[in-house]
Amino acid sequence: MVAASPPSPAPTDLGLLDGDEVVSPEIVLDGDGFDTGSYPPGTFRKIVSGMITLAILIAATYLVPQWHWARPWVTGKDPALFWNIIGRELLGEGQATDAAELKVEQAERLAVALANDDDEVPVVEARPVIEPPPVAEGPPPYEPHPDDDEPVPQSLELPSPTALDPFYAALTRTDARYAGAVTRVTQWGDSAIANDNVSSAMRFAMQRRFGDAGHGFHLPSKPFASYRHRGIKFTDGEDWQRCFIIGKCRRDGHYGLGGTVAWSAGGAQSRWRSEKKLAFGRKVSRFEVWYHARPKGGRLRLRVDRGEPQIIETAAETAADAWHTVTLTDEAHDIELRAAGGGRVQLYGVVLEREGPGVVWDGMAQQGAFTSRMLYFDPDHLRGQIDHRDPALLVFMFGGNDLMISASKVPRYERDFAAVLQSFRGADPARACLVMAPVDHGQREGHRIISRPMVARIVEAQRKVALAEGCAFFDTVAAMGGEGSAGRWRKSKPALLSGDLAHLTFAGQKVIGQMAYLALMEGYVAYRKREG
Amino acid sequence: MLFPTFDFLVFVVPVLLAFWALGHRPLARVLLLLIASYFFYMAGPKTDPPPTPWYFAGLLVFSTVLDFVCGHQIDRRAHQIDSPDVREAARARRIRNVFLGASLVGNLGLLGYFKYVDFFVATFTDIAHAAGFSFVAPHIETILPIGISFYTFQSLSYTIDVWRGRLRPEPSFAKFALFVTFFPQLVAGPIVRASELLPQLHHRPRLDPVMMEEGLFRIFKGLVKKVVLGDWIAAYFTDAVFANPQAYTSMEILLALYAFTVQLYADFSGYSDIAIGTARLLGFQIPENFDRPYQAKNLGEFWRRWHMTLSTWLRDYLFFPLGGSRGSTARTYFNLWLTMFLVGMWHYTPGTSWNFVIYSNIHGLAMLFSRWNRTRRREGPARILAIGLIMPGLAVGIAWAAQVILDLPEASALVCGVFGGVMFGLVTWLPLSGGPINTFVHVFITYHFTVLSRVFFRAPDFPTAKSMVAGLLRFDTQLVRPGLLTEWLWLALALGTFYHFTPKRWIDQWVWGWFRRIPGPVLGVLMGLLGLALMKLMAGAPRTFIYFNF
């Protein structure tokens, strides 16, 4: 037993560790104390009357229909009471929650891995380029790739097992390192791909595996301030006049492959330079100008590496879309294109490519685009543009803006979406296509972030149309973890969704790009095994 | 389970009624509370992210059994340590130490694994990389069992007190298990020591009208704090700023720090109020956790008033056993720093990287300064020397640290250094006590020290913390952009800040006196309205308490 010393009054500002230790006497724990058997009168009067009043008020919210808004708990809407045991275990909701959490953890791990992935270290391709053998011989047997062992967070949904075969056949030739075997993919979308992060993630992943065949299509002028193409230092002056498809500014529906037209009677200039830090797209060996030739068309002045300028005449007897190709040495280049007077020039874009074998992934975004805006294209013009580009796969990632439509307009939305797919696939319905659903969009309810109710409707509409039109479908929302993933991706570490709850962060964009790439490759491996 | 939820209301009312009915049956009331406590721990509402799975209650059982057994084994050898047989005494001491060690290793090992393993791995990796070694860290992702930081310290107090001979072991396993799991304070404190709660379990709970009113008052007060000042401000302002500080001006970041200061106090002291109030309704007294901390005149006093049950726990079970302030000056300062460092690191949240190391050291070093300032010679040239010699060096040191650790630009780091130096000079120059102006300045500086250091407490990771400091030191000319805060939020912020500096008697006497005069049915209506406000303000889903993360 230690003797107790009575504590002396301490100064009011005494610090936590300023005083001396006060030792209490040993405490003995024994018995259950003295019990008179009753509580003092009135002990429970106030609290029990309060409890009864509260119970009556709560009951009233269920008994009086007009007071439904005040109900503290609503069957079917609110989670089960004592959810951790009743909902999670007894009602089996834990599995869905755990699966969603698992998806987020998977995405987080992917984000960390991608962040550590060095896009700046060039990939050395050890396999030589070979001449294509006679058709009857077929490609060499499939050689497994390390990515084949990566878990696939979300598989593609296919209308038939052969839906992407034209794309995979092209990819097989590229994979076999056949000379000149370039596999082109052209992707259109809204702000989800506006800064080229989703598309560049897929481009880099494909090029890392199959070879770098260049950047692909690039717009002649920025349609919006954040437009960029990863790996290209692009500058354009203010002198271009521009028209974007979402503005429905051309009666003829000629918006070029990227949905943007730039024109000038002279003085406007754009410049493309290879970004030397990145592993991909450092070199360009083919530069192609896409324009509209017409009577009284002006001149374009093209300069490569500050050398002698070349003049491209855009004047023609009849108006038609035209292309001018320049072959370059396979290295980094600094390319300027200027409207040099003599009339008005009208540009659709440029292509920066290499001879291959390799993959090119075009990323063309229209910020704020509703899917139906793509119907403003003149079908013949669009078909001509796509035929010239000759992509093995068309990819669409719209829907973020479509969430604004009301639920009653969904049937019309489905019709429009189907019309867009038909219009882009044009005369060649065998051309493979992939529809990527929009990312989950959230809205705040108090501190909670819930998925916007239209997300599920739009995703379902896109799935229905894509499969009906023979396109593959990638359920981006399911890949993120399903309903509620906007909140989870916002709170993930690193944050994968930005504060507006509609757009992915840089890390999130790379994750979605990688997920889609893994889904495509899962199908590719299946194709190669199937085709022997 | 979260207090401000419908689940808790549905849970607590039957438990209270049953407990009052069984109040005269010692075994029944203990078993009832024990079962209720485990249910409370396991049956939480759906939150985002989801609560820890119910089977994590197994850790509670483990801690309970371990400490119960260790306590008894330690006590069994207590009389042998004074044996005249030296060998027997030495053996007894050894065995007692082994059981104490088992309790410490078992409890702190679990805490270390679940709470700090990612920190240890990350630190090791960072150091290895800094030393030039290539090292791929294993990915270890643990789920932090809710309340582990609280019940670990709580049950450790039992074995340590038994070992120190200040407490006899608890004979009843059921009572001991209830002490470890007592639901009002199980998941977020206050940390109740064995010597505070176990004796109460050996008496009939004290139930009388005043106790009931006190309980209701504390619950009411806690709910108001939590809902209005805690959740609301967070949901509509602070969370957004801390999520993306680059998007906000310097003044907005500073405002977010003030807001977080209000929010953190309201959140945690609100929880403590509800815990204390619920315990009172069951007839138990559990210790206070806050005593108007922002009225403190120095940092030592602040930590005596903030999360008192943790800071005094570490004082009594770490600082004093280390020798407290009885040893040499160097040893005293080391003990001080270590204690405050551990107080800071106790708050570590998995994933926050180096934030809490910085936070802990800022507070640890400030405590050293506080003690030095209180004990140094203040007459004659000592005062001038202290200011004249140390201040410039300190300013340079802070500027250097700000540049190296926080990657601040040179100009910002210089501002940081000068600010730190001037603050040091001012506090050193000021008399320790004096008139109202002196008190005001001391309180003002201490308050702002805690506000600014919260950057490292709240930021979700180190890069965000750095970004906030850089944002603060940008000194943007634009202040607070119109529309960022509603009038109601401004009002809540102003009232929340003002509340800190009001005399205690305003609440403890005046509001309490008013509350006591409210009839029961009116109280029921008021509680209903508060619940409705909670539902509407927070869309029915309150945030988990910040201290749940610890």
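Read on for an overview of the structure. (Residues numbered from 1 in each chain as written. Chains lettered and ligands numbered in written order. Predicted model: local features only at pLDDT ≥ 70, side-chain atom pairs only at ≥ 80, totals over all residues. Heavy atoms only, no water.)

### Focus: the sheet that holds strand S13 (residues 358–365) of chain A
Residue and element names in this part refer to chain A. Here five strands make up an open sheet; going across it, the order is S13-S1-S14-S15-S18 and the pairing parallel. Where the open sheet ends on each side, the last strands, each with one partner, are S13 and strand S18 (472–474). Across the sheet, the mean angle from the axis of one strand to that of its neighbour is 20°, orientation sign disregarded. Sheet analysis places strand S1 (residues 182–189) next to strand S14 (residues 393–397), joined by five bridges and oriented parallel. Opposite valine 185, over in S14, you have leucine 393 as the bridge partner. Most of the contacts of helix H7 (residues 410–425) go to S14, to which it runs at about 150°, and overall it touches S1, S14 and strand S15 (432–436). (Pairing = 2+ DSSP bridges. Helix = DSSP H or I, 4+ residues; strand = E, 2+ residues; numbered from the N terminus. Axes fitted to C-alpha atoms, helices over the stretch in contact; angles between N-to-C directions. Contact = heavy atoms within 4.5 Å.)

### Regarding the pairing of strand S12 (residues 345–353) of chain A
Residue and element names in this part refer to chain A. The buried fraction of S12 amounts to nine of the nine residues, a majority that puts the element mostly inside the structure. Taken together, the four bridges between strand S2 (residues 214–218) and S12 define a ladder with antiparallel strand orientation. Note on S12: the bridge partner recorded for glycine 214 is glutamate 353. Sheet topology places strand S5 (residues 260–264) next to S12; three bridges connect them, and they run antiparallel. Its bridge partner lying in S12, tryptophan 263 is registered against glutamine 346. Alignment of strand S7 (residues 284–293) against S12, held across six bridges, turns out to be antiparallel. Its bridge partner being in S12, tryptophan 290 is matched across the sheet by glycine 349. (Buried < 20%, exposed > 50% of the residue type's maximum accessible area, 1.4 Å probe, protein only.)

### Looking at helix H11 (residues 506–531) of chain A
Taking 1.5 Å as the rise per residue, H11(A) with 26 residues should run 38 Å; its terminal C-alpha atoms sit 37 Å apart, in good agreement. Of the residues one or two after H11(A), Gly532(A) is the one with positive phi, at around 75°. (Expected span 1.5 Å × (residues − 1).)

### Considerations on the sheet that holds strand S6 (residues 269–274) of chain A
All names here are of chain A. In space, the five strands of this open sheet follow the order S3-S6-S11-S8-S9, with antiparallel pairing throughout. Of all the strands in the sheet, just strand S3 (232–236) and strand S9 (310–313) have a single pairing partner and so form its edges. Pairs of neighbouring strands in the sheet enclose a mean axial angle of 15°, with direction left out of account. Relative to strand S11 (residues 334–339), S6 runs antiparallel, the two being bridged by five bridges. Bridging from a neighbouring strand, glutamine 269 pairs with arginine 338 of S11.

### Digging into the interface of chain B and chain A
Counting residues at the interface gives 97 residues for chain B, matched by 70 residues for chain A. Roughly 6,700 Å² of surface becomes buried between chain B and chain A when both sides are summed, with 62% attributable to carbon and sulfur atoms. Interface area lost by chain B to chain A is led by Phe6(B), Lys46(B) and Arg166(B), which between them contribute 10%. Inspection of the region where chain B meets chain A yields one salt bridge. Lys46(A) is the salt-bridge partner of Glu213(B), the closest N and O atoms lying 3.0 Å from each other. (Buried area = accessible area lost by both parts, 1.4 Å probe. Salt bridge = Lys/Arg side-chain N within 4 Å of Asp/Glu carboxyl O.)

### Some details on the side chain of Glu414(A)
Its place among the elements puts Glu414(A) in helix H7. In contact with Glu414(A), not counting residues within four places along its chain, are Ala461(A), Lys464(A) and Val465(A).

### Observations regarding the packing of aromatic side chains
Note on aromatic pairs: each is described by the distance of the centres and the angle between the planes. Taken as a whole and judged by the stated rule, the model has 78 aromatic pairs over all chains. Ring centres of Phe302(B) and Trp306(B) lie 5.6 Å apart, and the angle between their planes is 20°; on these two criteria the pair is classed as stacked. Taken as a pair, Phe302(B) and Trp306(B) share a single burial class, namely buried. Taken together through their ring pairs, the aromatic side chains of Phe82(A), Phe3(B), Phe8(B), Phe11(B), Phe19(B), Phe39(B), Phe40(B), Phe182(B), Phe183(B), Tyr271(B) and Phe284(B) make up a single cluster. Seen from the ring of Tyr499(B), Arg292(B) lies directly overhead, with NZ or CZ sitting 4.5 Å from the centre. Lying over the aromatic face of Trp306(B), Arg454(B) brings its terminal NZ or CZ to 4.7 Å of the ring centre. (Phe/Tyr/Trp six-rings, centres within 6.5 Å; stacked < 30°, edge-to-face > 60°. Lys NZ or Arg CZ within 6 Å of the ring centre and 35° of its normal.)

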